[in-house]
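# Observations on the three-dimensional arrangement
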Amino acid sequence: MKWYNYTYYTILLFGVVIFFIRYKYLTVSQRYLGFALVVIFITEITGRIFREVYGKNIVIYSLLRPIQFTLVGISFLKEMKKKWVMLSIIFYFLFHITNLLYFQKFGDIYDSYSVNLANVINTVWCLSYLYLIFENPVADSLFELPLFWPTCGYLFFNAVTMIVFATLGYTNDSTFNNAFEILHLIRVFSSHFLYITFFMAFIQKNK
Amino acid sequence: MDSANDLVVVVIVTSTLAGLLVAFIILITFLYQKRRIFYRQDKAAMQAAFQQEILQTQLEVQNLTMQQLGRELHDNIGQLLSVLRLNLNVLEETVEDEGTRGQIAESNQIVEQTIADVRALTKSLDGDFVKDFGFIDSLSHELQRIRKTRRYQTEITTSGTPYSLGYQHEIVLFRIAQEVINNALKHAAATTLTVSVMYEPTNFEITIQDNGKGFDFEGVMKNEMSKSGAGLRNIQRRAELIGGKCTIDSQKGLGTTVTISIQRTQTGD
């Protein structure tokens, strides 16, 4: 296991611990985000174990990612109070099931269609959240808004993920391995930053 | 990749990502603050417009009520007093007893004085009076009415060539002057009122000065719930409504001076 995996798990564990310590001070949306982080942590640990034991962990991600996605979705729903956020979660679920049944079959192939759709929907939530903040800028500082940090983290992470996936899609067989290593590193570190923004949300002073 | 290369790549990737994320957050924060300033200005402008609208309505209602009251005084009380005077005249002619006749004549004089006072009050209440006779004449009439009570000394001086400020501005100024004068008589127990009106080519200024007991202006304005503070703020807001600036200068025992100045470009002229 590479050293950056240790830092990754440490950041996740640290975030989970801080979440539970700060639980009673958090807003409802931040609590859902915290539970999403707990599921992410479980997913990553289980995924690592499956990878080490069975050499494959696609099943874990296919099963647990929708739960992470839903919890993050509810977190945004609690903040924005928009019905379409709930509809987008339902739409994602239907798409994910259809994808696993008919296109990128469950356990066989990495469900990149679902991942990309999740990223797109998540980006839309983040942009809508920022739009609402900008439309009604009543807070003295952005840093006192419950989901500002994770929103920035997600926008950044999703942008990086999309660029990484797109680049990987263009690489040919001979360049794939070299490109994969660097692009994987970029994605891993962007996820480091994403979960640091979660951590920031848990320790921030809420208005 | 070897370990040295690996480390370089990691450092570059991490630094670039961190830099980009920080830049993104700074950009968002900057844009938000900019938007927030704009939003605040917008909100303040909307609130000011709303306040002005309320004040405008308040003035219209006040004007209408005063006019109605004036009309009622003129048409009803005035008429009744006229009938009363006629009856007294008839009575004066029919009564033979000298003593009673003298008393009736005295009563007749009081009624006449009352009729004159009611007429003066009617004019003072009637906004159209300002429209028909102009600001200075209306103000002079108002002061004359007060002077007639023989309890107060009043004086009005004008400088410069008078010009019209427009009916809307003049009626608001007239009502403000009425309120300031009323405050001086009612609350400050003033005995002398001096009004000076200055018509400058680019600026109009009216100063109302009294020799009353004065008050702690700063203290009154600080007290949000103070009734008198509310009245003074109302005067200031009304002056602002017509684009004027109202300054109140008062000290305990030294009387009060209220000055309203309006830039001529802001008047309806």
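Just above, that's the structure.
Here is a short report on the structure shown in this document. (Residues numbered from 1 in each chain as written. Chains lettered and ligands numbered in written order. Predicted model: local features only at pLDDT ≥ 70, side-chain atom pairs only at ≥ 80, totals over all residues. Heavy atoms only, no water.)

## Side note on the overall build of chain B
- When its secondary structure is counted, chain B shows 7 helices and 5 strands.
- For chain B, the residues scored as buried account for 38% of the 269 residues in total.
- A total of about 16000 Å² of accessible surface is found on chain B, and carbon and sulfur atoms cover 55% of it. (Helix = DSSP H or I, 4+ residues; strand = E, 2+ residues; numbered from the N terminus. Buried < 20%, exposed > 50% of the residue type's maximum accessible area, 1.4 Å probe, protein only. Areas by Shrake-Rupley, 256 points an atom, 1.4 Å probe, with all protein chains shown as cover.)

## Considering the side chain of Asp 210 of chain B
Residue and element names in this part refer to chain B.
- In this fold, Asp 210 is placed in strand S3 (residues 203–210).
- Within the structure, the side chain of Asp 210 is placed 2.7 Å from the backbone nitrogen of Gly 212, a separation counted as a polar contact.
- In this structure, Asp 210 is in contact with Ala 184, Ala 188, Ala 190, Thr 192, Leu 193, Gly 255 and Thr 256, ignoring residues within four places of it in sequence. (Polar contact = N/O pair within 3.5 Å; in protein donor to acceptor, adjacent residues only side chain to side chain. Contact = heavy atoms within 4.5 Å.)

## Describing the sheet that holds strand S2 (residues 192–199) of chain B
Residues and elements named next belong to chain B.
- The strand order across the open sheet formed by 5 strands is S1-S2-S3-S5-S4, and the pairing between neighbours is mixed. Every other strand in the sheet has two partners, leaving strand S1 (153–159) and strand S4 (244–250) as the edge strands with one partner each. On average, each strand axis in the sheet is inclined to that of its neighbour by 10°, with strand direction left out of account.
- The pairing of S4 with strand S5 (residues 256–263) spans 7 bridges and is classified as antiparallel. Residue pairing across strands places Ile 248 opposite Val 258, the latter belonging to S5.
- Running over the sheet, helix H5 (residues 167–186) touches S2, S3 and S5 and is turned about 15° from S3. (Pairing = 2+ DSSP bridges. Axes fitted to C-alpha atoms, helices over the stretch in contact; angles between N-to-C directions.)

## Section: the pairing of S2 of chain B
Residues and elements named next belong to chain B.
- Only one face of S2 is buried, namely the one carrying Leu 193, Val 195, Val 197 and Tyr 199, since none of Thr 192, Thr 194, Ser 196 and Met 198 on the opposite face is buried.
- Sheet analysis places S1 next to S2, joined by 7 bridges and oriented parallel. Note that in S2 the partner of Thr 157 across the bridge is Ser 196.
- The parallel pair S1 and S2 is bridged by H5, and the resulting crossover is left-handed.
- In the sheet, S2 pairs with S3 via 7 bridges, with the strands oriented antiparallel. If you follow Met 198 over to S3, its bridge partner there is Glu 205.
- Hairpin geometry of S2 and S3 is characterised by an intervening segment of 3 residues between the two adjacent antiparallel strands. (Right-handed = clockwise from strand over helix to strand, strands pointing away.)

## Things to note about the packing of helix H2 (residues 28–54) of chain A against helix H3 (residues 58–80) of chain A
Residues and elements named next belong to chain A.
- The geometry of H2 relative to H3 is characterised by a closest axis approach of 8 Å and an angle of 170° between their N-to-C directions. Between H2 and H3, the angle is such that the two are roughly antiparallel.
- Among the residues making up the contact of H2 with H3, the classes are represented as 15 nonpolar, 6 polar and 3 charged. (Parallel < 35°, antiparallel > 145°, perpendicular 65-115°, else oblique. Nonpolar A, V, L, I, M, F, W, Y, C, P; charged D, E, K, R; others polar.)

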